[in-house]
Amino acid sequence: MEVVVAKTAGFCFGVERAVNQVYCQIEQGVKPIYTLGPIIHNEEVVRDLEEKGVRVLASPEELDAVKEGTVIIRSHGVGKSVYDRIEKRGLCLVDATCPFVKKIHEIVVKQNEEGRRVIIIGDEAHPEVEGIKGWGDERTLVVKTEEQVDHLPLYPGEKLCIVSQTTFNYNKFKDLVEKFSKKGYDIITLNTICNATQERQVEAEHIASQVEAMIVIGGRNSSNTRKLYEICQKECKNTYYIQTLDDLDPESVNSVRSVGITAGASTPKKIIEEVHTNVRAIKRV
Ligand code: SF4
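Every value quoted in this text rests on a predicted model; they were computed, and no experiment measured them.

## Let's talk about the sheet that holds strand S8 (residues 159-164)
Argument step 1. In spatial order, the strands read S7-S6-S8-S9; together these four strands make up an open sheet with parallel pairing. With partners counted over all chains shown, the strands left at the sheet margins are strand S7 (141-143) and strand S9 (186-189), one partner each. For this sheet, the mean angle separating the axes of adjacent strands, direction not counted, is 25°.
Argument step 2. The pairing of strand S6 (residues 117-121) with S8 spans five bridges and is classified as parallel. Across the sheet, residue Ile120 finds its bridge partner in S8, namely Val163.
Argument step 3. In this fold helix H4 (residues 99-113) packs onto S6, S8 and S9, with an angle of close to 175° to the strand it touches most, S8.
Argument step 4. Across the face of the sheet, helix H7 (residues 170-181) comes into contact with S6, S7, S8 and S9 while running at roughly 175° to S8.

Structure, rendered in structure tokens:
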């Protein structure tokens, strides 16, 4: 049986880098270690880290109760006030903010200095957007829908800089930018969408179109895994959504000649490899 594993399956560059940084601190014997929010949306990884002594702080306010130790900022990044808080408490800082997100923080600071109001296209409640906003000034706004654009407190000809949440949908971003453009502002647009998600989807679609069965691995609540599953299912009727190897029924793939495997952004390599090894070992009937 031919088994094809997507090169883009699993962690993106930024998440992998952040998770590695936590394990690196553990290996160096650093204690205590805190992460600001779970380092990744994967229960197994978070549990493993907890067993190794890593504690998760639910909010920056919880930093005020921490007396010593190292705080790791995850790939989503945080606003400036959180850095200030960590420094004020005299805690060590490991900054695992994804460099692509860090770049947006720098853009926001620079554009504000140059007098532009920053508009972030994204979901206001998403931690990455909260972090980006936290580098802006009091004029910074977050916009998600076209209706919102009509009700913003902006004046004609105002100087704006539009950036995007890294995981925002490109077509929606384009539509929103177009809407802003029609209103006569002086706009600089910087497309800060990261290609990791799109590349994963394009590769999954391609593999699914060429195999007889497709396996998509990821958490039950992972929206990007569900999206991958839907994309694959359009191309390949025999697409299976599993969380771990335990969910895979060998009989579902033992009569096909080729199987493709992909995984959502929070699926550790270990689980992907486990599924790969086991699928390869399945005897065809
Ligand atoms: Fe991953 Fe891209 Fe987000 Fe960085 S910006 S964490 S590479 S999805």
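Now, onward.
## Quick look at the nonpolar core
Argument step 1. Core analysis: the biggest nonpolar cluster contains 28 residues, and Ile215, Ile217, Val259, Ile261 and Val279 have the highest contact counts within it.
Argument step 2. For this core, the secondary-structure elements that each account for two or more residues are helix H8 (196-208), strand S10 (213-217), helix H9 (223-235), strand S12 (258-263) and helix H10 (269-281).
Argument step 3. In contact with Ile217, not counting residues within four places along its chain, are Thr225, Ile242, Gln243, Ile261, Thr262, Ala263, Gly264, Thr267, Ile271, Ile272 and Val275.

## As for the packing of helix H1 (residues 13-27) against helix H2 (residues 43-51)
Argument step 1. Running from amino to carboxyl end, H1 crosses H2 at an angle of 15°, the nearest separation of the two axes being 11 Å. The angle between H1 and H2 places the two elements in the roughly parallel class. Once H1 is placed against H2, the crossing between them reads as left-handed. From H1, Val19, Val22, Tyr23 and Ile26 reach across to H2, where they touch Val45, Asp48 and Leu49.
Argument step 2. Counted by class, the contact of H1 with H2 contains six nonpolar, no polar and one charged residues.

## A short note on the pattern of salt bridges
Side chains carrying opposite charge are able to pair once their charged atoms draw close together.
Argument step 1. On inspection of all chains with the given rule, the structure shows 15 salt bridges.
Argument step 2. A salt bridge links Glu212 to Arg257, with the nearest nitrogen and oxygen atoms 2.7 Å apart. Remark: Arg257 occurs in the loop between strand S11 (239-242) and S12 and Glu212 occurs in the loop between H8 and S10; sequence separation between them is 45 residues.
Argument step 3. Relative accessible area serves as the criterion here: at 26%, Glu212 is assigned to the partly exposed category.

## Re the side chain of Gln165
Argument step 1. With respect to the helices and strands, Gln165 occurs in the loop between S8 and H7.
Argument step 2. Classification of Gln165 by relative accessible area gives buried; the value is 5%.
Argument step 3. Reaching out from Gln165, the side chain makes a polar contact with the backbone nitrogen of Asp123 at a distance of 2.8 Å.
Argument step 4. Excluding residues that lie within four positions of it along the chain, Gln165 makes contacts with Ile120, Ile121, Gly122, Asp123, His126, Glu128, Val129 and Ile193.

Cut-off values and rules
- Residues numbered from 1 in each chain as written.
- Predicted model: local features only at pLDDT ≥ 70, side-chain atom pairs only at ≥ 80, totals over all residues.
- Heavy atoms only, no water.
- Pairing = 2+ DSSP bridges.
- Helix = DSSP H or I, 4+ residues; strand = E, 2+ residues; numbered from the N terminus.
- Axes fitted to C-alpha atoms, helices over the stretch in contact; angles between N-to-C directions.
- Contact = heavy atoms within 4.5 Å.
- Core = buried A, V, L, I, M, F, W, Y, C linked by side-chain atoms within 4.5 Å.
- Buried < 20%, exposed > 50% of the residue type's maximum accessible area, 1.4 Å probe, protein only.
- Parallel < 35°, antiparallel > 145°, perpendicular 65-115°, else oblique.
- Left-handed = near helix turned anticlockwise from the far one by under 90°.
- Nonpolar A, V, L, I, M, F, W, Y, C, P; charged D, E, K, R; others polar.
- Salt bridge = Lys/Arg side-chain N within 4 Å of Asp/Glu carboxyl O.
- Polar contact = N/O pair within 3.5 Å; in protein donor to acceptor, adjacent residues only side chain to side chain.

Shape descriptors only; they carry no functional weight alone.
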